[in-house]
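# Secondary and tertiary structure notes
Here is how the chains run, residue by residue.
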Amino acid sequence: MPQYTLNVNRKDHVVDVAADTPLLWVLRETLGLTGTKYGCGQGLCGSCTVLMDGEAVRSCSLAVADAAGKSIITIEGIAEEKDHPVVKAWLEEEVSQCGYCQPGQILSAIALLKQKANPTDAEIDEAMSGVLCRCGTYPRIRKAIHRAAQLKGGGQ
Amino acid sequence: MSDRLRINRREFLQVLGAGSAGLTLGVFRLAPALAQDGSQVFKPNEFLSIDSDGTVTLWVARSEMGQGARTTVPMMVAEQLEADWEKIRIMPAVAHPSKYGSMSTGGSTTVRRGWEPLCKAGAAAREMLISAAAQIWAVDRAGCKAENGMVIHVPSGRKLGYGELAATAANLPVPAEVKLKDPKDYKIVGKQKMRLDTPEKLTGKAVFGFDFMLPGLAIAVIARPPVLGGKVKRWDDQAAGAIQGVKQVIEVSHGLAVVADSTWAALQGREKLVVEWDEGENAKLDSAAIRQYFIEKSKEPGKSARSEGDVAAALQTAVKRIEAQYEVPFISHSPMEPMNCVADVRSDRVEIWAPTQNPQSVQSMASELTGVAMEQVFVNTTLMGGGFGRRLMADYAEEAVELSKLLQAPVKVVWTREDDLQHGYFRPGSFHVLEGAVDAQNQPVVWKHRIAAPSISGQLYPQQPPRGNPDLVDGAAQLPYRISNLLVDYVMANTALPITWLRSVYNSANAFVNESFLDELAHAAGQDPLAFRLSLLPPDHRLRGVLQLAAEKAGWSEKLPRGKGRGIACHACFGSYAAHVAEVTVTRDGRLTLDRFLCAIDCGQAVHPEGIRQQMEGGVIFSLSVAMREAITVQNGGVVQQNFDTYEPLRIHEIPARIEVYIAENNLPPGGVGEPGVPPVAPALCNAIFAACGVRVRRLPVSENDLRWS
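Residues numbered from 1 in each chain as written. Chains lettered and ligands numbered in written order. Predicted model: local features only at pLDDT ≥ 70, side-chain atom pairs only at ≥ 80, totals over all residues. Heavy atoms only, no water.

Below, the discussion takes up the overall build of chain B. Within chain B one finds 18 helices and 27 strands. In terms of overall dimensions, chain B is globule-like: its C-alpha atoms have a radius of gyration of 28 Å, near the 27 Å expected for 710 residues. When the backbone C-alpha atoms are referred to their principal axes, chain B occupies close to 80 × 75 × 45 Å. When each of the 710 residues of chain B is scored for burial, the buried share is 62%. Contacts in chain B between residues far apart in sequence, at least 24 positions, make up 76% of those at least 6 positions apart. Carbon and sulfur atoms make up 50% of the accessible area of chain B, which amounts to about 26,900 Å² in all. The positive charge centre, built from 75 side chains, and the negative charge centre, built from 78, are 3 Å apart in chain B. (Helix = DSSP H or I, 4+ residues; strand = E, 2+ residues; numbered from the N terminus. Rg over C-alpha atoms; globule rule 2.2 N^0.38 Å. Buried < 20%, exposed > 50% of the residue type's maximum accessible area, 1.4 Å probe, protein only. Contact = heavy atoms within 4.5 Å. Areas by Shrake-Rupley, 256 points an atom, 1.4 Å probe, with all protein chains shown as cover. Lys, Arg positive; Asp, Glu negative; His and termini not counted. Charge placed at Lys NZ, Arg CZ, Asp CG, Glu CD.)

Written out as structure tokens, the structure reads:
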């Protein structure tokens, strides 16, 4: 099998997997980074969202070959930064219930705040509509993004 | 005893702080008992322990699926224990048939059933720690008080931490009677507390079932029959076996398992399998036929669930009669984390890691399936990405146990989203025939509700006929309004489509019917829907308070322009009382917007107010999602919906612009919270749609109704 060098959370990893393997499974099972979740496998629910060169991407629908050489940030990479404003806002607004979709929500919010330092509700809805939450935490996600924007513009 | 068991046992004892310096207390059996090894601790079938360093360990026997069990259970114990909240440590309890009581996490039971035993367990430990301090100081215990993890001798100001008192307290008798704290002295219950599980869920460290791994763990997906209940006839696994990482293809009860060293390899292998299926009996199962079957059943003579007055006579003499038919579809739980389970079956021992709402049923299933004694079956409940009732079933755990037994190796069975939608157990659909009447004084005099629906218990446990009314009348037979001639009856209409409990169970369908038809009756009587409800509720009914609270906050009496409407609905279930007000806009071309949703809840003593707000907000959104557009349909014996494109829960841009939650304050015994917020949502929404545009939605989901008006 081919080898790929993946830069995940600011470190290079050499992985030996089939070229069409979705990044999601490489992160979870090859690198043991299980914070990135499987929800649908079709890019419909956004639970698998990670940042690739700063943009939110669906890792379930991205072949590992296409991620090679790019900078990938997962929820574990965000957690390494102490007091990340988005994580802090999520904590203060008590957003999570089951928590399964929240890594995808947080990474999507980080990507949004990088584009727009102070998004409106409409801009939040547009940017976040790709990430499903079955517990119904959406109102708190809106509040947490506003709070993160206040805390410092949010981007990582 | 295997090596792993020995390790587990050792870790367990370390956690317990066993030896000479630990105090543990049972929840349900408040009598002192020595550990079997003779050390001075209570047996490890226990609920709380205090280590010599003052750490308080609490075993949580109810599953955490997002509803906050791992926070509310500690809050109840810690309050009475006067514990230092910073020193609380949580341990998910390993399944046991009896020592924790029921571990089943359904029916909104964690707080309402746990309240008394958990409060008493905390209070008994507190009293023992006070006695221990009094004994050490040789003072009258009346001069001692417990506070924030220590006992204080008030006259002298001396203090001892719980850790320092644990060894002495462990030798004291457990008091038979304990006094619970006065609610006015609460420091934890009813106060704002951050959920204990939040931090790990924001860093990727939280371990859900899907995330659990063991060294060398095999991963399996199962090729499932396209027709429900079908069987494998023959197959060709040559192409599947050629996928790198696929180890084996093996027939199991539910289909063909593809076993691999990674999830991706297993999925690829399943894609390449060529399977010929024996379709079995359900090849003609079809939603239109099921609906027709319900309609036919609704015409058969019904069995009475509740009968008052004389409905037939009253219908004859009534001034105005109305009739309506209501129906709801089958729906899916669709938790974000699909089903999965890890099982390690050995000849004398089974260990399971499952995202389950019912670890005890997983334990008994595994014991039965493997022949391994119950006490050698260890079920660890992982965190779960939503449950909503789906994980009360043990089917997916059964697959892992069956496969691990066959492979003689640990294995993780994972389901894809497609597996989850197509091979789930659903909220049953139902068909309802309603008749009502008002008299010359515009008072309602008849309520007649006929239900044709499958029974969950009837389908899951066909050999156990219900005592009393079957489940399918829940929420219908308990209509809270005083109407002199009333008949609620039913015809059980079971089908081959698998069903199970889903958040609020039959209350979601029956409250939709009750509260929508009551609205119709109010309009028939020319009365305001809120005033009409209040006039029919008994004077001391707790629904009155929440109706008034929701209506007041909504500005119920303010008029709205045509095209905008406000609807109200209420329902009592699982020990709590909820009322919702919906505000919507319907354009002339039939486009619906959700403007505002208010929810008032009386759940008795509010244990964790922020958690209650979460559950109410979430309940509103979950229920709106279901009401707006969710439906499971069947064609040629298989579920039509495949993934979140054809079964799409509401997204962030579709929820109401404002959702407000109001909690009634009182110190009555706590009621449920996870489910009671769900049932009034659909009728409040549909009553608001009627108020906005005059279209009465009697068939869910709303998306299948034409809302155009002129």
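Right, let's get into the sheet that holds strand E15 (residues 340-345) of chain B. Residues and elements named next belong to chain B. Reading across from one edge, E10-E11-E8-E18-E15-E16-E17 is the order of the seven strands in this open sheet, with mixed pairing throughout. Where the open sheet ends on each side, the last strands, each with one partner, are strand E10 (246-252) and strand E17 (377-381). Between one strand axis and the next, the sheet turns through 20 degrees on average, direction left out of account. Both strand E16 (residues 350-354) and E17 contribute to a ladder of five bridges, which runs parallel. Within E17, the position partnered with Val350 by the bridge is Val377. Where helix H11 (residues 395-407) meets the sheet, its contacts fall on strand E8 (218-223), E10, strand E11 (255-260), E15, E16 and strand E18 (411-414), and the angle it forms with E15 comes to roughly 35 degrees. (Pairing = 2+ DSSP bridges. Axes fitted to C-alpha atoms, helices over the stretch in contact; angles between N-to-C directions.)

Moving on to the nonpolar core. Counting residues in hydrophobic clusters, the biggest one holds 176 residues, and the most contacted among them are Trp90(A), Ile145(A), Trp447(B), Leu685(B), Ile689(B) and Leu700(B). For Leu700(B), the residues in contact, after removing those within four places along its chain, are Glu327(B), Val328(B), Pro329(B), Phe512(B), Ala627(B), Ala682(B) and Cys686(B). Counting 49 residues, the second-largest nonpolar core is a separate cluster that includes Ala83(B), Met103(B), Trp115(B) and Leu160(B). (Core = buried A, V, L, I, M, F, W, Y, C linked by side-chain atoms within 4.5 Å.)

Another aspect to go through is the pattern of salt bridges. All names here are of chain B. Counted according to the given criterion, the structure contains 56 salt bridges over all chains. Where Glu116 meets Lys120, a salt bridge forms, and the shortest distance between an N and an O atom there is 2.9 Å. A residue pair is termed a helical-turn pair when its members lie 3 or 4 positions apart in one helix, as Glu116 and Lys120 do in helix H3 (residues 110-137) at four residues. Classification of Lys120 as partly exposed rests on a relative accessible area of 30%. When the shortest N-O distance is used, the salt bridge between Asp419 and Arg270 registers 2.9 Å. With Asp419 in helix H12 (residues 417-422) and Arg270 in helix H7 (residues 263-272), this pair connects stretches of sequence that are 149 residues apart. Here the two residues Asp419 and Arg270 agree in accessibility, since each one is buried. Taken together, the shared-partner salt bridges in this structure form one network comprising Arg566, Glu583, Arg596, Arg658 and Glu660. (Salt bridge = Lys/Arg side-chain N within 4 Å of Asp/Glu carboxyl O.)

Before going further, it helps to examine the domain arrangement of chain B. Accessible area lost on assembly of the parts is the figure often given for the size of an interface. Residue and element names in this part refer to chain B. Domain annotation of chain B identifies domain 1 (3-194), domain 2 (209-280 + 339-414) and domain 3 (287-331 + 426-704). Inter-centroid distance (C-alpha atoms) of domain 2 to domain 3 is 37 Å. Every contact between the two is made by eight residues of domain 2 and, on the other side, 11 residues of domain 3. Taken over both partners, the interface formed by domain 2 and domain 3 buries close to 720 Å², and the fraction arising from carbon and sulfur atoms is 73%. On the domain 2 side of the interface with domain 3, the three residues burying the most area are Leu228, Phe388 and Met393, jointly 69% of the side's total. (Domains from an automatic or database assignment. Buried area = accessible area lost by both parts, 1.4 Å probe.)

Contact with chain B, which involves 61 residues of that partner, is made by 48 residues of chain A. In total, about 4,500 Å² of surface goes out of reach between chain B and chain A, with carbon and sulfur atoms giving 58% of it. The largest share of the area that chain B buries against chain A comes from Leu202(B), Met336(B) and Ile652(B), three residues that together contribute 19% of it. If you look at where chain B meets chain A, you find five salt bridges. A salt bridge links Lys37(A) to Asp211(B); the shortest N-O distance between them is 2.4 Å. Linking chain B with chain A are 26 residue pairs in polar contact (both at pLDDT 80 or more). If you list the elements that add at least two residues to the side of chain B that touches chain A, you get helix H5 (198-201), H7, H12 and helix H17 (609-629) of chain B. For the side of chain B that touches chain A, the element with the most residues is H17(B), which contributes nine residues. (Polar contact = N/O pair within 3.5 Å; in protein donor to acceptor, adjacent residues only side chain to side chain.)

A word on the sheet that holds strand E20 (residues 444-453) of chain B. Residues and elements named next belong to chain B. Strand order in the open sheet made by the five strands is E13-E21-E20-E19-E14, with mixed pairing throughout. The sheet is open, and its two edges are formed by strand E13 (303-308) and strand E14 (320-328), each paired on a single side. Going across the sheet, the axis of each strand differs from the next one's by a mean of 10 degrees, ignoring polarity. With eight bridges connecting them, strand E19 (residues 430-438) and E20 associate as antiparallel partners. Counterpart to Gly436 in the pairing with E20 is Trp447. Relative to the sheet, helix H14 (residues 506-524) contacts E14, E19 and E20, its axis offset from that of E14 by approximately 155 degrees.

The next thing to look at is the environment of Arg562(B). Residues and elements named next belong to chain B. Along the chain, Arg562 falls in the loop between helix H16 (542-554) and strand E22 (564-573). For Arg562, a relative accessible area of 55% corresponds to the exposed category. Apart from the residues within four sequence positions on either side, Arg562 is in contact with Ala692, Cys693, Trp709 and Ser710. Only 3.4 Å separates the side chain of Arg562 from the backbone oxygen of Ser710, close enough to count as a polar contact.

Another point: the packing of helix H2 (residues 69-81) of chain B against H3(B). Helix-helix packing is described using two parameters, namely the angle between the two axes and the distance between the axes. Residues and elements named next belong to chain B. As a packed pair, H2 and H3 sit with axes 6 Å apart at the nearest point and diverge in direction by 35 degrees. Crossing hand, H2 versus H3: right-handed. Between H2 and H3, the residues in contact are Ala69, Thr72, Val73, Met76, Val77, Gln80 and Leu81 and Thr110, Val111, Gly114, Trp115, Leu118, Cys119, Gly122, Ala123, Ala125, Arg126 and Leu129, respectively. Taken together, the residues that form the contact of H2 with H3 break down as 12 nonpolar, five polar and one charged. (Left-handed = near helix turned anticlockwise from the far one by under 90°. Nonpolar A, V, L, I, M, F, W, Y, C, P; charged D, E, K, R; others polar.)

All names here are of chain A. Domain parsing of chain A yields domain 1 (3-78) and domain 2 (82-152). For domain 1 versus domain 2, the distance between C-alpha centres works out to 20 Å. For the pair domain 1 and domain 2, the summed buried surface comes to about 1,300 Å²; carbon and sulfur atoms form 65% of the total. On the surface where domain 1 and domain 2 come into contact, there are zero salt bridges. Where domain 1 meets domain 2, there are two residue pairs in polar contact (both at pLDDT 80 or more). Of all the elements in the fold, those that place two or more residues in the side of domain 1 that touches domain 2 are strand E3 (49-52), strand E4 (55-58) and helix H3 (75-80). When its residues are assigned to classes, the side of domain 1 that touches domain 2 shows nine nonpolar, six polar and three charged.

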